Amino acid sequence: MKKNSFIQKVIQLNQDFPDRREFHAKSAEILPKMGKDKAFWDEVFKRNLVDKGFLQRKWTMYDIPFFYVYECDDFYIKVHLFVPLKSHALNIAASAIHHHNNYMLTTYAAFGSGYETMLFEKDVQIDPQTREAKLKIRKHFHQKDEPVHLIDAWEPHVVINPASLSATLHIWSPDKKRATDGLRSNPLLKALKKPLRKVIYAVGLDKKIGIAAQNTYQFYSQNNKFYGVLEDDYFAPTRAQSGPEVDDYSVQTLFAFIQRMGFRDFEFLKQVKQSPDTPKYFHKWIDKILNGENIEDTYAKDRINIPGGIMTIEDILQTNKLENKL
């Protein structure tokens with residue numbers, strides 16, 4: 001989508017504002033305009049549905065259903081879809097408290113109810129033996145009250161399951177431009193990713209190069225204390241969940257969103273269905289749109305990989321209160 005007028009503006013901002021905080025502030029003004037433009041969404045859907053890699057992606061439950069928009073060495077733009085719990089409870093965390101390492105994220109609540117979220121202070125102290133962590137809430141709000149907001153690099157935050165299918169349109173970028181940024185897209189280096197990481201950690205260059213810390217934690221509340229769990233351990237169960245059911249769930253979510261955004265190019269959808277690159281399990285969702293049949297909601301997983309499986313808003317607020325009382 002490099003030739004799209006909105007993307008061209010963001011590309012120009014990337015050139016004009018090498019400081020990443022300025023770049024995000026300026027880009028934040030464009031995201032709502034993108035999100036309110038039907039032609040933009042039609043182009044997003046079409047670009048993804050003719051991309052063989054996207055069509056034949058093997059989804060896992062680690063993935064948030066998404067659409068690509070644009071990617072380069074300095075930044076990328078994506079759409080993420082968030083689904084409600086089957087119970088429609090509004091106080092349960094969709095994931096552990098987490099950060100995105102050295103990536104800054106500006107997000108726009110482009111569709112649906114949006115979700116409640118909390119941002120935490122970045123200086124997290126964690127006991128390496130007990131894994132007990134010290135976190136402090138910096139900001140607590142709902143996207144309907146602040147539809148465009150920045151999540152800073154290294155800033156822990158938590159997403160609460162939304163009331164209904166919701167979409168965010170967002171820009172990600174490293175916290176600063178580095179000479180090594182172009183290496184992320186090098187296919188040879190991608191193949192050597194694990195061995196290279198070991199060397200980088202061994203010589204202590206992880207922060208300089210801009211990769212995740214060797215031990216990255218997710219956080220949760222239990223018995224009025226915060227604890228950390230290694231990210232690889234936290235994500236292992238959902239990364240392992242894959243196969244036909246997960247593929248179908250993910251694609252149903254995508255097409256539910258396409259339908260609710262009012263996509264009406266039926267001739268295009270017929271061509272997608274006829275393409276040899278399109279997996280057969282896409283067909284029923286395409287047919288539902290073509291036949292005017294409602295595509296039902298998908299639902300979020302009702303448990304996350306922490307002790308007890310559930311973390312509520314009340315758990316987090318109570319722990320924050322007790323941990324940070326004067």
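Relevant structure appears above.
In this report, the structure presented in the accompanying data block is examined. These numbers were taken from a predicted model, which means no experiment stands behind them.

Basis of the calculations
- Residues numbered from 1 in each chain as written.
- Predicted model: local features only at pLDDT ≥ 70, side-chain atom pairs only at ≥ 80, totals over all residues.
- Heavy atoms only, no water.
- Buried < 20%, exposed > 50% of the residue type's maximum accessible area, 1.4 Å probe, protein only.
- Helix = DSSP H or I, 4+ residues; strand = E, 2+ residues; numbered from the N terminus.
- Arc of directions from axis to C-beta.
- Contact = heavy atoms within 4.5 Å.
- Core = buried A, V, L, I, M, F, W, Y, C linked by side-chain atoms within 4.5 Å.
- Pairing = 2+ DSSP bridges.
- Axes fitted to C-alpha atoms, helices over the stretch in contact; angles between N-to-C directions.

### Comments concerning helix H2 (residues 20–27)
Then comes step 1: Inspection of H2 places Arg20, Phe23, His24 and Ser27 among the buried residues, and these make up the whole buried set. Viewed end-on, H2 has its buried residues packed into an arc of 95°, placing them on one side of the element.
Then comes step 2: Considering only its buried residues, H2 is in contact with helix H1 (5–16), helix H3 (31–35), strand S3 (103–111), strand S8 (148–151) and strand S10 (166–174).

### Regarding unusual backbone geometry
Then comes step 1: One non-glycine residue, tryptophan 154, lies in positive phi territory at about 65°.
Then comes step 2: Given the relative accessible area of 26%, tryptophan 154 is considered partly exposed.
Then comes step 3: The phi dihedral of asparagine 223 falls on the positive side, at around 50°, and the residue is not glycine.
Then comes step 4: According to the relative accessible area criterion, asparagine 223 is exposed, its value standing at 69%.

### Side note on the nonpolar core
Then comes step 1: Membership of the largest hydrophobic core comes to 56 residues, with the highest contact counts inside it found for Met34, Phe67, Val69, Leu169, Phe255 and Phe257.
Then comes step 2: Among the elements that make up this core, the one with the highest residue count is helix H10 (residues 244–260) (8 residues).
Then comes step 3: Once residues within four sequence positions are removed from consideration, methionine 34 is found in contact with Phe6, Ile7, Val10, Phe40, Trp41, Ile77 and Leu169.

### As for the sheet that holds strand S7 (residues 137–142)
Then comes step 1: Taken together, the 3 strands give an open sheet; going across it, the order is S7-S4-S9, and neighbouring strands pair in antiparallel fashion. Taken across any chain shown, the strands that pair with only one partner, and hence form the sheet edges, are S7 and strand S9 (157–159). Ignoring which end each strand starts from, the neighbouring axes of this sheet average 15° apart.
Then comes step 2: Of the strand pairs in this sheet, strand S4 (residues 116–120) and S9 are connected by 3 bridges, and their pairing is antiparallel.

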